[in-house]
Amino acid sequence: MPGIHVVGDLLPPPSLGLAHTSFAEGQVVAETLAGLRPTPVDYTAVPRVTYSSPQTATVGLTEAQARALGHEPAVRAMPLTALAKGMVHGRGGMVKVVAEAGGGRVLGVHLVGPQVSELIAEAQLIVGWDAEPADVARHVHPHPTLSEAVGEVFLTLAGRRLHQR
Ligand SMILES: Cc1cc2nc3c(=O)[nH]c(=O)nc-3n(C[C@H](O)[C@H](O)[C@H](O)COP(=O)(O)OP(=O)(O)OC[C@H]3O[C@@H](n4cnc5c(N)ncnc54)[C@H](O)[C@@H]3O)c2cc1C
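Residues numbered from 1 in each chain as written. Predicted model: local features only at pLDDT ≥ 70, side-chain atom pairs only at ≥ 80, totals over all residues. Heavy atoms only, no water.

Looking at an unreviewed UniProt entry, one finds the chain named Dihydrolipoyl dehydrogenase, with Streptomyces griseofuscus as its source organism. According to UniProt, the comment filed for the chain under the heading Sequence similarities (unreviewed entry) is "Belongs to the class-I pyridine nucleotide-disulfide oxidoreductase family." UniProt annotates the chain under Cofactor (unreviewed entry) with the comment "FAD". (UniProt positions renumbered as here; feature names shortened; annotations may be inferred.)

Here it is, written out as structure tokens:
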């Protein structure tokens, strides 16, 4: 109805029924009422986290979703335990990246493992900014961190490798 604005859990998909999407939707409504022209929420680049043990954190398309949309994706994965910090945690986990074949844009990043909710912010910028693996691969990640595994998957997708077998 004209003049009625809805945010949060009242919205149907593609809204995600999450606190952070609700905040963002509230900001869009507030800025609209203030006479501004806010950018609508881009749900494809919103992270979804499960705060379990281990955690899961995901942004963008899964491999199955990418195929269903007609992509022939390049998919690479790396166990967190291939790197020093993952060995220190000793709790498994992995990073999986779905990208357009031939070095095209990154479609999705998916993580499982200890505290991976802290790694998803990098991935959301990669997906949200339509970055390609080569854009990410040239950035050096700090050692020893779990974020190295994120960097190394993109290195592999860009045709290079460090610890990845
Ligand atoms: C157990 C649980 C855990 C969750 N964990 C997470 C999480 O970890 N991360 C995450 O992103 N999301 C999480 N969510 C989802 C998140 O809480 C919701 O998506 C978000 O709060 C929705 O915001 P909202 O403003 O639509 O509704 P709400 O936050 O529910 O706000 C609605 C408000 O309206 C009030 N209200 C209801 N009826 C009336 C009335 N008649 N008159 C006046 N006031 C009224 C309520 O008291 C409430 O304060 C979780 C949800 C649940 C239930």
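Having seen it, we continue.
Engineer: What exactly am I supposed to notice about the pairing of strand β2 (residues 55-60) here?
Structural biologist: Working note: regular strand, side chains alternate between the two faces of the sheet. Within β2, five of the six residues are buried, which leaves the element mostly enclosed by the surrounding structure. The antiparallel pairing of strand β1 (residues 48-50) with β2 creates a hairpin that spans four residues between the two strands. Of the pairings in the sheet, the one linking β2 to strand β5 (residues 106-113) comprises six bridges and is antiparallel in character. Bridge pairing links T58 to H110 in β5. (Buried < 20%, exposed > 50% of the residue type's maximum accessible area, 1.4 Å probe, protein only. Helix = DSSP H or I, 4+ residues; strand = E, 2+ residues; numbered from the N terminus. Pairing = 2+ DSSP bridges.)

Engineer: What should I look at first to understand unusual backbone geometry in this one?
Structural biologist: For residues that are not glycine, phi is negative in most cases, and the peptide bond is trans in most cases. In this structure, the amide linkage connecting P13 to the following residue, P14, adopts the cis form with an omega of 15°. Considering the arrangement of structural elements, one finds P14 in the segment before α1 (19-33). The omega torsion across S53 and P54 is 5°, close enough to zero to call that bond cis. For Q115, which is not glycine, the phi torsion reads 55° and is therefore positive. Structurally, Q115 is set in the loop between β5 and α4 (120-128).

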